[in-house]
Amino acid sequence: MDNNNIMNTADFDGLHEECGVFGAYDFDGEDVASTIYYGLFALQHRGQESCGIAVSDTNGPKGKVMSYKDMGLVNEVFNPENLEKLKGNIGVGHVRYSTAGSSVRENAQPLVLNYVKGTLGMAHNGNLLNAVELREELSYTGAIFQTTIDSEVIAYLIARERLKVGTVEEAVKNAMLKIKGAYSLVVMSPRKLIGARDPFGFKPLCIGKRDNTYFLSSETCALDTVGAEFVRDVLPGEVVTITSKGIESDTSLCQKNNARCIFEYIYFARPDSKIDGMGVYESRINAGRILAKTHPVDADLVVGVPESGNPAALGFSLESGIPYGNAFIKNNYVGRTFIKPKQAQRESSVKVKLNVLKEAVAGKRVVMIDDSIVRGTTSARIVSLLKNSGAKEVHVRISSPPFKHPCYFGTDIPSEDQLIATGKTVDEICKIIGADSLGYLEVDRLSEMICGGTGFCDACFTGNYPMDPPTRDIRGEMG
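Read on for a plain summary of the structure. Bear in mind that the values here come from a model prediction, so they are computed numbers and not experimental data. (Residues numbered from 1 in each chain as written. Predicted model: local features only at pLDDT ≥ 70, side-chain atom pairs only at ≥ 80, totals over all residues. Heavy atoms only, no water.)

1. Here we look at the sheet that holds strand β11 (residues 213–217)
Logical step 1: Spatial strand order, β4-β3-β5-β2-β11-β10-β12: 7 strands in an open sheet with antiparallel pairing. Of all the strands in the sheet, the pair left with one neighbour each is β4 (65–71) and β12 (229–233). Pairwise comparison of adjacent strand axes, ignoring direction, gives a mean angle of 15° for this sheet.
Logical step 2: As paired strands, strand β10 (residues 206–210) and β11 are joined by 5 bridges and run antiparallel to one another. (Pairing = 2+ DSSP bridges. Helix = DSSP H or I, 4+ residues; strand = E, 2+ residues; numbered from the N terminus. Axes fitted to C-alpha atoms, helices over the stretch in contact; angles between N-to-C directions.)

2. Observations concerning the nonpolar core
Logical step 1: Formed by 47 residues in total, the largest nonpolar core has its most connected members in Ile 262, Phe 316 and Met 449.
Logical step 2: Of all the secondary-structure elements, those providing two or more residues to this core are α8 (263–268), α9 (280–294), α10 (309–320), β21 (365–370), α15 (446–449), β24 (456–457) and α16 (459–462).
Logical step 3: Every residue in contact with Ile 262, bar those within four places of it in the chain, is listed here: Leu 446, Met 449, Ile 450, Phe 456, Cys 457, Asp 458 and Phe 461.
Logical step 4: In terms of nonpolar packing, the next biggest core, distinct from the first, is built from 31 residues, Tyr 115, Leu 128, Val 172 and Val 187 among them. (Core = buried A, V, L, I, M, F, W, Y, C linked by side-chain atoms within 4.5 Å. Buried < 20%, exposed > 50% of the residue type's maximum accessible area, 1.4 Å probe, protein only. Contact = heavy atoms within 4.5 Å.)

3. Things to note about the packing of helix α5 (residues 150–162) against helix α6 (residues 168–176)
How two helices sit against one another is set out by the angle between their axes and by the gap between those axes.
Logical step 1: Contact pair α5 / α6: the axes reach a minimum separation of 8 Å and the direction vectors enclose 125°. The angle between α5 and α6 falls in the class oblique. Helix-helix and strand crossings are classified by hand; for α5 and α6 the assignment is right-handed. Of α6, the residues touching α5 (which contributes Leu 157, Ile 158, Glu 161 and Arg 162) are Val 168, Ala 171, Val 172, Asn 174 and Ala 175.
Logical step 2: Residues belonging to the contact of α5 with α6 are distributed by class as follows: 6 nonpolar, 1 polar and 2 charged. (Parallel < 35°, antiparallel > 145°, perpendicular 65-115°, else oblique. Left-handed = near helix turned anticlockwise from the far one by under 90°. Nonpolar A, V, L, I, M, F, W, Y, C, P; charged D, E, K, R; others polar.)

4. Section: the sheet that holds strand β18 (residues 301–304)
Logical step 1: On the basis of which strands lie adjacent, the open sheet formed by 4 strands has the order β18-β21-β22-β23 and parallel pairing. At either end of the open sheet lies a strand with only one pairing partner, and these are β18 and β23 (437–440). Each strand axis lies, on average, 20° off the axis of its neighbour in the sheet, ignoring direction.
Logical step 2: In the packing of helix α14 (residues 426–433) onto the sheet, contacts are made with β22 (393–398) and β23, and the angle to β23 comes to roughly 125°.

5. As for the pattern of salt bridges
Logical step 1: Under the defined criterion, the tally for this structure stands at 18 salt bridges.
Logical step 2: Residues Lys 87 and Asp 31 are paired through a salt bridge, measuring 3.7 Å at the closest nitrogen-oxygen approach. One end of the pair, Lys 87, is in the loop between α3 (80–84) and β5 (90–96); the other, Asp 31, is in the loop between β2 (19–26) and α1 (33–42), with 56 residues separating them in the sequence.
Logical step 3: Between Glu 84 and Lys 87 there is a salt bridge whose closest N-O contact spans 2.9 Å.
Logical step 4: We classify Lys 87 as partly exposed; its relative accessible area is 40%.
Logical step 5: Salt bridges linked by common partners bring Asp 31, Glu 84 and Lys 87 together as one network. (Salt bridge = Lys/Arg side-chain N within 4 Å of Asp/Glu carboxyl O.)

Pasting the structure below:
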């Protein structure tokens, strides 16, 4: 490999969100598949392994759902021909990155269930803690599973509960009483579009509207893409039901204690999204400003590791007065090989290159801002590249605290033995990655990053899980 470029996907040393969900209901009866396609396109950063769309016609025969899903990126899986066949004015879509389970077509979503009461189409973002137990329980009462994902457990529970209650939204709520963990759900029944968010609010979900069409989306950026206006966020614990009568809300499962994933603000969400009223771009600027105050350094240039490091680098520059610049050129033209869930595959399939702009860094003391250090391999290589390109000093600043604990709520954080920060001091990590200095965002400054916001989960940094973690590592069993 050429000394002056790095193969870096968002990468084998990086983290990944599990999924993105998007739903649409057009009350004028127009087809929604192409709009869902564009919504998923805007959510592509949340999952690049597989994607799918399921639609139904609310004026047609109950129970007829058309769906298409496959492995790959949204623009690889869908084309005008297969989108044209997806006729229906209500639908759900999904992009997926598996946290641990099999990366196979069977595990792609949305899931479509045919049962006594009709059909269900469902897309899920998150991870259940009690999926294995629920799966065993359902299997002993006759359920036959087609996938290895915990989302199918949720779908079965909703279908089963629907046999006992009068409406599908009641069935969703009853299922929520049985499942434990992180989930944002978009559910399509023959005549309703339902959104649900777990009571802790780990994963984002919001409502949008364009003319006579309502939307549910993981992020507001997808609403912008389809020309919809943001209505509001779905509350943690809320079940919203969208019908021809409008939006109905059930907040009976809402609770005081929330635990929104702080990493949505640090890395996962697109910078042009707002989550629970807080702009993601602003939160990253704030993180950079905090780093400049808490870990100042004499330097000539501040650079961000693309893409999520860039706003934090700008914030560091604004606060410190050190000029902000670009040191990296990123190749964005990447196929479906760019994210693989197994470590060995990641290391052999790294396709994306970051090239260092030698003239930008030569002879300079550089502050390099990144969102996280996971295993340390990529950070070490980037520091080495900057120095090989003539940087006099490289001072690394990280816009999150050190990762010390695994996540059980839908984020691909490896086990503790693979986390560089577990059992090592900041000075030791600094030496390993070859930096001249290293500074992390302190845990107690996280709320400052989101303008004093509270009710977020920081368990990957602190080990303080908002609910009891599983007694065994569930991530290898359920994707």
